[in-house]
Amino acid sequence: MRYQKDRGVLAMHAGNVDVRRDAQGKIDALMARYEKISERAEIHERRERTYVKGYAPVKANDALSDRLRFKNAEFDSKENMDRHVKNTLQNMERKYQQCKIR
C-alpha cells in the first residue's frame with residue numbers, strides 16, 4: 001500500500017494524472033482487502049502504518065465517468081477503437097460477475 005502511495009506522490013509531482021489515478025485504484029483495492037481480512041480475523045485495523053508523507057487521495061479511474069476518463073481519447077484506426085470498446089465491455093462484464101459472486 002505504501003508503495004502505491006509513494007507512486008501516487010511521485011506522479012503528483014511529475015504532473016502525471018493517469019499514473020496517479022491508477023495508483024489510487026490499486027490503493028482502494030488494497031484497502032478494501034485489508035478491511036475484509038481485518039474483519040474476518042477480528043483484529044484492529046492499523047491504518048496509521050500506511051502513512052506516506054505528501055500523499056493525498058484522488059478519485060481513481062474507476063470512480064470517474066467515461067466522459068472524463070476518455071475525454072481526450074483518440075484512436076488511429078477503427079480497429080483500435082473497436083478493440084478498445086470490446087475490451088471495455090469485457091472488463092465491465094468481469095467486474096459485474098465478481099460483484100455477483102460476493
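Residues numbered from 1 in each chain as written. Predicted model: local features only at pLDDT ≥ 70, side-chain atom pairs only at ≥ 80, totals over all residues. Heavy atoms only, no water.

**Student:** I'd like to hear about the overall build of the chain, residue by residue, with values.
**Tutor:** Scanning the chain from terminus to terminus reveals four helices and zero strands. In sequence order, the chain lays out its α and β elements as α-α-α-α. Taken over 102 residues, the chain has a buried fraction of 15%. In the chain, once contacts between residues fewer than 6 apart in sequence are set aside, the share between residues at least 24 apart is 60%. Put simply, the chain shows about 8500 Å² of open surface, and 51% of that area lies on carbon and sulfur atoms. (Helix = DSSP H or I, 4+ residues; strand = E, 2+ residues; numbered from the N terminus. Buried < 20%, exposed > 50% of the residue type's maximum accessible area, 1.4 Å probe, protein only. Contact = heavy atoms within 4.5 Å. Areas by Shrake-Rupley, 256 points an atom, 1.4 Å probe, with all protein chains shown as cover.)

**Student:** Before we move on, could you go through empty space enclosed by the protein and cite the residues and values that matter?
**Tutor:** Which parts of space are left empty comes out when a probe the size of a water molecule is rolled across the atoms. Applying the stated rule across the entire model yields one cavity of 30 Å³ or more. For the largest cavity, the full set of lining residues is G8, V9, M12, R20, Q24, I27, G54, Y55, A56 and V58. Those elements that provide at least two residues to the lining of the largest cavity are α1 (2-14) and α2 (17-41). The residue makeup of the lining of the largest cavity, split by class, is six nonpolar, three polar and one charged. (1 Å grid on protein atoms, 1.4 Å probe; cavity = no way out; pocket = protein on both sides within 12 Å on 5 of 7 lines; lining within 4 Å. Points joined across faces, edges and corners; volume = space filled by probe spheres on them. Nonpolar A, V, L, I, M, F, W, Y, C, P; charged D, E, K, R; others polar.)

**Student:** How would you sum up the environment of R2? Please name residues and give values.
**Tutor:** For R2, the location among the structural elements is in helix α1. Look at R2 and you get partly exposed, because its relative accessible area is 49%. Apart from the residues lying within four places of it in its own chain, the contact partners of R2 are R49, T50, Y51 and V52. A polar contact of 3.1 Å, which involves the side chain of R2, links it to the backbone oxygen of R49. (Polar contact = N/O pair within 3.5 Å; in protein donor to acceptor, adjacent residues only side chain to side chain.)

**Student:** Could you give an account of the environment of V17, naming the residues involved and the relevant values?
**Tutor:** Relative to the helices and strands, V17 is located in helix α2. In this structure V17 comes out as partly exposed when scored by relative accessible area, which is 45%.

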